[in-house]
Amino acid sequence: MKSKFLTAGLIAAMMVPAVAQAQTREIRKDRQELREEQRDLRNAQRYGDRGDVRDARHDVRDARKDLRESQRDWRRDTRYQNYRAPFRYQQFRVGATLRPTYYAPAYRPSWDSRWGVPRAGRNLTYVRHYNDLLLVNERNGRVVKVYRNHFNWRR
């Protein structure tokens, strides 16, 4: 029974990055569509009549709206998701050693400049543990820096 819960938790934890990747692809697609609509607008302004320009402006406006919605959904899902690891919360301190399961790839979020933390250096990686962000040495599992409640952005 315990292994079923652990397996379900691991599957759920691995699905979170997949959802974020799908949303990132959606944003890229919306940006591409916006660029295409803007190019069509420029062509309509150069070679078309008023009706063509009006229609092209409407298409650009719709493409911008789609992009904003995709970005808003991505921010909502990545910032405010209720993240739970398949193991209990433990408050880690600098110098603590993590077991390899704690810093497995599923718990390594992609670095984002909006976090306000520097990029991880060589042989270092960021690990999400509930709302905490840990900078961990990949070679030995030692915690180098702890950012408490880093993902609790609903303040």
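Placed above this text is the structure.
### Points about the pattern of salt bridges
Link 1 in the chain: According to the stated counting rule, one finds four salt bridges in the structure shown.
Link 2 in the chain: Residue Lys 29 pairs with Glu 26 through a salt bridge whose shortest N-O separation is 3.7 Å. In this pair, Lys 29 and Glu 26 are both assigned in helix α1 (residues 2-47), three residues apart and thus about one turn of the helix distant.
Link 3 in the chain: Looking at Lys 29, the relative accessible area reads 40%, which means it is partly exposed.
Link 4 in the chain: Close ionic contact of Arg 148 with Asp 132 constitutes a salt bridge, the shortest N to O distance being 3.7 Å. Within this pair, whereas Arg 148 is found in the segment after β3 (143-147), its partner Asp 132 is found in strand β2 (residues 132-137), the two being separated by 16 residues in sequence.

### What about the sheet that holds β2?
Link 1 in the chain: Here we have three strands laid out as an open sheet, ordered β1-β2-β3, and antiparallel in their pairing. Across the chains shown, the open sheet's two edge strands, defined by having one partner strand only, are β1 (124-129) and β3. Taking the axes of each pair of neighbouring strands and ignoring which way they run, one obtains an average angle of 20° across the sheet.
Link 2 in the chain: Both β1 and β2 contribute to a ladder of six bridges, which runs antiparallel. Paired with Thr 125 across the two strands is Val 136, which belongs to β2.

So, how was this worked out
- Residues numbered from 1 in each chain as written.
- Predicted model: local features only at pLDDT ≥ 70, side-chain atom pairs only at ≥ 80, totals over all residues.
- Heavy atoms only, no water.
- Salt bridge = Lys/Arg side-chain N within 4 Å of Asp/Glu carboxyl O.
- Helix = DSSP H or I, 4+ residues; strand = E, 2+ residues; numbered from the N terminus.
- Buried < 20%, exposed > 50% of the residue type's maximum accessible area, 1.4 Å probe, protein only.
- Pairing = 2+ DSSP bridges.
- Axes fitted to C-alpha atoms, helices over the stretch in contact; angles between N-to-C directions.

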